[in-house]
Amino acid sequence: VDAQVTVDGAVRQAGAIALKNLVVRRWDGCVREPELAEEEKAIVRANLLEGLIHAPPMVRTQLGLIVRSVAYSDFPHAWPGLLEGIAHNLTQGEARMYGALYAERMLVKKYEYKSRADREPLLAIVACTYPTLIQIFAALAEHEHPQAYEMQRLICKIFWSSMQCALPDELAKPWESPMLSQWLSLLVQLLEKPIPLALQPADEDSFRDNQPSKCKKWAAHILYRMLQRYGNPKYARDEPQKQLARYLLSNYAVRCLEAAMGTLTLKEQGTLCSPRVETLCFNFVAEALCHPSLYKTIRPQLETLLVRVIFPQLCITQSELALWSDDPTEYVRKELDVLEEFYSPKVAATNLLADLVRKRARDCMHPFLLFCTHTLNAAAVALPGGPASAVLPRDFATLAKKDGVLLALGELTAVLRKKMGDSDFGAQIEPIVRAHVAPELTSAVGFMRARACSVYSRLYRSLRFADEAHFVHSSGALVACLRDPELPVRVQAAMALQHLIVMEQARPLLRERVPELIELLFGLMSDIGHEEVVSALDALIEKFADEMEPYALRVVSTLVEAFGRMYAEGDDDEDAMLAAMSVMRTIATMLEAVSAQPDVFPPLQALLLPLVCKLIDSDASEFLEDTLEVLSYLTFCSPTISNEALGLLPIMVEAFSDWAVEFSNQMLVPIDNIITRAKDLFLASTDTKGTPYVALVLSMPAHVLGVKADGTVAAEGGARDRLMLPETECHGAVKLLQVLLHNCAGQIDAYLPSIVRMAVHGFRNAE
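Notes on the structure in this doc start here. Given the structure is predicted, the values throughout are model-derived calculations rather than measurements.

### Focus: the overall build of the chain
- For the chain, the helix and strand inventory stands at 40 helices and 0 strands.
- Considering only C-alpha atoms, the chain reaches an extent of 85 × 85 × 60 Å along its principal axes.
- Taken over 767 residues, the chain has a buried fraction of 53%.
- Long-range pairs, those at least 24 residues apart, make up 73% of the contacts in the chain between residues at least 6 apart in sequence.
- Roughly 34400 Å² of accessible area belongs to the chain as shown, and the carbon and sulfur atoms make up 53% of that amount.

Here's what the structure looks like:
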């Protein structure tokens, strides 16, 4: 690891990793491995900073993690020289400066989420190094080489860790100390500074590794956080915080807003901009809308903001179209990924548009709707043959603009309905939808069919269709989209179907098509395992519950098969795991739908009990609640309790004792069903070790309350006390005492002393 020793780079990296693992395991010691001797620790502390300064990049990362681990344990009490060493090396030239910055970044992360009471050492770090950091940052701003930007990025991350949760005292009173003002000025300059021509990325995919763009991202991140966290007097908890908020609004917020608005206009001017930076700037403008003083800056630029900045972000791009064609599954995943809300400029622009219409309707709503109408009419003129005549790539520009308008209308439906009122909303929106959206359900272009499905998905939640012919036609076309050759279209159709199903207006239209819809959704589930598709099937089952009996066995059989496939993929695919959870909920919905038909349950038990047995396992704990709900239906609705269902009781008790104590309320229902409906079989049964089932059940409240078999109280207390669980999460286990006494009176007398002792102990220790 020592940079002064000549050794192969791969060996040096392996040594750094080994040292990091050793520090993680043995710095503070643990049960399995002894703590390092203080002499060994002293050697590490004495050489770690110097090693980090000289380390090549592949070793620096590992040494940085060691600095963080050691600092978490030893700074400042056992490593007071670290801060002094960092401060000294910050002034010793660029070669040593980078290592010092890297070490300080690791150090301040220790205090990033600490409470104010635990952040006192951070105040010393700020006082000792921040004036120097400001000088370094200003000097680096004069250079345009990648290393300068990399060091600026490190300084931004240091500053971020010190301010994102709470401002240090040195920064919290800018009217007394100029430090915060200096930071904000430098950050605004960084955001406004054009990327040097030699470092400009070739395309949007290159921004991930572009150093100037990464710096701008952190600058935008900090400025947005400053306004969001510290710039609103309404959220201030005391007078100093209110004073800080007023200071920021009066002195810096307008300049930051202008920098954000300027960044958002770069794309219109033909200059590429990082999507992450755009997202943060959109978020900044959205936050600024809350402040009348800042809205005065936005208002003269509303037309530019709505039409030239926000709207182009809503339109489908060539790169999105390429992803649609090359990898439709990935396109769907990206479209439905909730994390996109935090990183996608399209989502941020959409949210800003909704905020503008909601909060500044007088200035924004009618002008933007007028622009949308003009754009839709222009698209109709450009395609005289209608959507069915559209051809790519010839008509891409026209269709992209129409796609942006339809996206906007879909996202704004709830806001417009609230602003206009139900009657005006329906009267104004439905003719537009009938003329411009309904035809797109049969468009020759796939992404327009998908967008039309998306718009109807929104409308089904907020619009009562006055034109019955339009509703019948669009509903039929939507169902037809479930057979579409394009996967994204089928997924959007399934999502819209979810909301169509719950409309009373649609019930007569869909009733005769239930078998067809089930098959179409099963086909889509086999193509893509996504929870939105499963949720559509769940809604169909719930809405047409009285008609599910003929399909129950087929549906559950297919769902069990789909669950097995999704569960197997879940380790590598989070979407598949979420879809598997939805499948379990849908199985429970089907069991609820046929709960009044006991004759259906024996074959369902044969399908489901092996799955239930498999899922009562710590490796499948995320499914346990839904699994127990399924078991509750099987034990309550079946004509009799089968031996297989009874055999699950020891498995539940073992899981409860080992890892599932917080699921006692959910376990109560199936165990209660077993005891109530198969009392004699329950009383006569024992597990493989010969323990009676009664004793097994009694072990559950004993485990919660901390009462041993002989009636003595466990010194370590009950599971509720050890795990600090609220009583509401544990009453199920204790209620089993009542279940046993109620159902087995006169047949469990030998256990009565234990039951009484547990009850008395629980009563004495109840909150």
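### Some details on the nonpolar core
- Judged by nonpolar contacts, the single largest core of 275 residues is most densely connected at M525 and M667.
- Ranked by residue count, the leading element in this core is helix α21 (residues 396-420), at 12 residues.
- Once residues lying within four places of it in the same chain are set aside, the contact partners of M667 are L624, L628, M652, A655, F656, A660 and M700.

### What to know about the pattern of salt bridges
- In this structure the tally under the stated criterion is 31 salt bridges.
- Of the charged contacts in the structure, one is a salt bridge between D337 and R333, with a shortest N-O distance of 3.1 Å.
- Residues participating in the shared-partner salt-bridge network are E38, R45 and D74.

### Describing the packing of aromatic side chains
- Tallied over the full model, the rule gives 21 aromatic pairs.
- A ring pair is formed by F159 and W183, whose centres lie 4.5 Å apart and whose planes are at 25 degrees; its orientation type is stacked. Remark: W183 occurs in helix α9 (residues 179-192) and F159 occurs in helix α7 (residues 146-163); sequence separation between them is 24 residues.
- A relative accessible area of 1% means that W183 is categorised as buried.
- A ring pair is formed by Y456 and Y460, whose centres lie 5.8 Å apart and whose planes are at 40 degrees; its orientation type is tilted. Separated by 4 residues within a single helix, Y456 and Y460 lie in helix α23 (residues 446-462), roughly one turn from each other.
- For Y460, a relative accessible area of 4% translates into the label buried.
- Joined through ring pairs, the aromatic side chains of Y130, F137, F159 and W183 make up one cluster.
- A cation over an aromatic ring shows up here: R360 above the ring of Y295, its NZ or CZ 4.1 Å from the ring centre.

### A closer look at the packing of α23 against helix α24 (residues 468-481)
- Interhelical geometry of α23 versus α24 gives an angle of 125 degrees and a closest axis separation of 11 Å. Of the possible angle classes, the one that applies to α23 and α24 is oblique. Crossing of α23 over α24 shows left-handed handedness. Contacts between α23 and α24 involve C453, Y456 and Y460 from the first element and H470, F471, S474, S475, L478 and C481 from the second.

### Some remarks on a nonpolar patch on the surface
- Where nonpolar side chains cluster on the molecular surface, the patch consists of V338, L339, F342 and Y343 and spans about 450 Å² of accessible area.
- On the secondary structure map, L339 appears in the loop between α17 (328-336) and α18 (340-343).

### Here's the deal with the side chain of Q313
- Take Q313: it is sitting in helix α15 (residues 302-314).
- The buried category is assigned to Q313, whose relative accessible area is 12%.
- Residues in contact with Q313, not counting those within four places in the same chain, are K267, E278, F282, P345, K346 and A349.

### Here's the deal with unusual backbone geometry
- Put simply, F75 and P76 share a cis peptide bond, and its omega is 0 degrees.
- For P76, the location among the structural elements is in the loop between α3 (57-74) and α4 (81-89).
- Residue P393 follows L392 across a cis peptide bond; omega there is 5 degrees.
- Turning to its location among the elements, P393 is positioned in the loop between α20 (361-382) and α21.

Conventions and cut-offs
- All residue numbers refer to position in the chain's written sequence, counted from 1.
- With the structure being a predicted model, the display of local features is reserved for residues of pLDDT at least 70 and the display and counting of side-chain atom pairs for 80 or more, all residues being used for whole-chain, interface and lining totals.
- Only heavy atoms go into the side-chain values, all of them from the structure, while hydrogens and water stay out.
- Put simply, DSSP H or I for four residues or longer makes a helix, DSSP E for two residues or longer makes a strand, and each gets a number counted from the N terminus.
- Burial classification: accessible surface area is computed with a 1.4 Å probe over protein chains only, and a residue below 20% of its type maximum counts as buried, one above 50% as exposed, and the rest as partly exposed.
- Note on contacts: a residue pair qualifies if any of its non-hydrogen atoms lie within 4.5 Å across the two residues.
- Residue exposure ignores everything except the shown protein chains as possible cover, and the areas themselves are Shrake-Rupley values with a 1.4 Å probe.
- By convention a nonpolar core is built from buried Ala, Val, Leu, Ile, Met, Phe, Trp, Tyr and Cys residues, the set being connected through side-chain atoms within 4.5 Å.
- Salt bridges are counted wherever a side-chain nitrogen of Lys or Arg sits within 4 Å of a carboxyl oxygen of Asp or Glu.
- In this scheme Phe, Tyr and Trp rings, the latter by its six-membered ring, pair at centre separations within 6.5 Å, and the angle between planes marks the pair as stacked below 30 degrees, edge-to-face above 60, and tilted otherwise.
- Should the NZ of a Lys or the CZ of an Arg lie within 6 Å of a ring centre and within 35 degrees of the ring normal, that charge is described as sitting over the ring.
- For helices, the fitted axis covers only the stretch in contact; all axes are lines through C-alpha atoms, and the angles between them, taken along N-to-C directions, range from 0 to 180 degrees.
- When describing relative orientation, an angle under 35 degrees is termed roughly parallel and one over 145 degrees roughly antiparallel, while 65 to 115 degrees is termed roughly perpendicular and anything else oblique.
- For a crossing to be left-handed, the near helix must be turned anticlockwise from the far one by less than a right angle; the clockwise case is right-handed.
- Only residues above 30% relative accessible area that lack a salt bridge enter a patch, with like-charged residues linked at up to 9 Å and the nonpolar side chains Val, Leu, Ile, Met, Phe, Trp and Tyr linked at up to 5 Å.

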